[in-house]
Amino acid sequence: MVFKVAGWIISFEQARTWFDRQGYKNDHFGDELVGITLNRWFKERHIEYLWAIVTDYPRGSLQPVIVLVRRHREDPKSTVSYYYRVRELDADREVKKQVMEETGLNDEDLPWVTIADPFFMN
């Protein structure tokens, strides 16, 4: 059994651009706080359908990225090395349109991924 998340990957730079475009001051904190700040910003805006987490992707790459999580769950049939991918649904694409409008990013800039064990618990 493993905890899985599915959503879009954005870089720290893309997140900061999103903040800038929405008039959200972000020059007073480092990259280590971008994910936390995104979640606080979502809460302030009553956005309950996105959750920002920071993890390495691909796993073990030591390349931190932000995942805008749309879905998460414990998957009893999956392991870290063998897991079922979560498909991007129409409802996810509707949220993606909002993110693209606010960030100025295009579809190719927001790849959909499934990540098993994003917090490296297993």
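Everything that follows concerns the structure shown earlier in this document.
Residues numbered from 1 in each chain as written. Predicted model: local features only at pLDDT ≥ 70, side-chain atom pairs only at ≥ 80, totals over all residues. Heavy atoms only, no water.

Observations concerning the packing of helix α1 (residues 12-21) against helix α3 (residues 90-103)
Point 1. The N-to-C vectors of α1 and α3 enclose an angle of 75°; their axes lie 8 Å apart at closest approach. Judged by the inter-axis angle, α1 sits roughly perpendicular to α3. Here T17, W18 and R21 of α1 come into contact with α3, specifically with V99, E101, E102 and T103.
Point 2. Of the residues contributing to the contact of α1 with α3, the split by class is two nonpolar, two polar and three charged. (Axes fitted to C-alpha atoms, helices over the stretch in contact; angles between N-to-C directions. Helix = DSSP H or I, 4+ residues; strand = E, 2+ residues; numbered from the N terminus. Parallel < 35°, antiparallel > 145°, perpendicular 65-115°, else oblique. Contact = heavy atoms within 4.5 Å. Nonpolar A, V, L, I, M, F, W, Y, C, P; charged D, E, K, R; others polar.)

Remarks on the sheet that holds strand β1 (residues 2-10)
Point 1. Taking strand neighbours across the sheet as the criterion, the four strands line up as β2-β3-β1-β4 in an open arrangement whose pairing is antiparallel. Strands with a single pairing partner mark the edges of an open sheet, and in this sheet they are β2 (51-56) and β4 (112-116). In this sheet, adjacent strand axes meet at a mean angle of 45° when their direction is disregarded.
Point 2. As paired elements, β1 and β4 share five bridges and run antiparallel to each other. Within the sheet, the bridge partner assigned to G7 lies in β4 and is V113.
Point 3. Contacting β1, β2 and β3 (64-75), helix α2 (residues 34-44) runs over the sheet at an angle of about 170° to β2.
Point 4. The strands that α3 touches are β1, β3 and β4; relative to β3, the one it contacts most, it runs at about 160°. (Pairing = 2+ DSSP bridges.)

A closer look at empty space enclosed by the protein
Point 1. In this structure the tally under the stated criterion is one cavity of 30 Å³ or more.
Point 2. Each pocket or cavity is described by its volume, and for the largest cavity that value is around 30 Å³.
Point 3. Lining the largest cavity, in full, are W18, F42, I47, Y49, L50, V95, Q98, V99 and E102.
Point 4. The element best represented in the lining of the largest cavity is α3, accounting for four residues.
Point 5. Taken together, the residues of the lining of the largest cavity break down into seven nonpolar, one polar and one charged. (1 Å grid on protein atoms, 1.4 Å probe; cavity = no way out; pocket = protein on both sides within 12 Å on 5 of 7 lines; lining within 4 Å. Points joined across faces, edges and corners; volume = space filled by probe spheres on them.)

Observations concerning the pattern of salt bridges
Point 1. Counting across every chain of the model gives 11 salt bridges.
Point 2. As a salt-bridge pair, E88 and K96 come within 3.8 Å of each other at their nearest N and O atoms.
Point 3. We classify K96 as buried; its relative accessible area is 5%.
Point 4. In this structure, a network of salt bridges that share partners links the residues K4, R73 and D75. (Salt bridge = Lys/Arg side-chain N within 4 Å of Asp/Glu carboxyl O. Buried < 20%, exposed > 50% of the residue type's maximum accessible area, 1.4 Å probe, protein only.)

So yeah, pure geometry; function would need other evidence.
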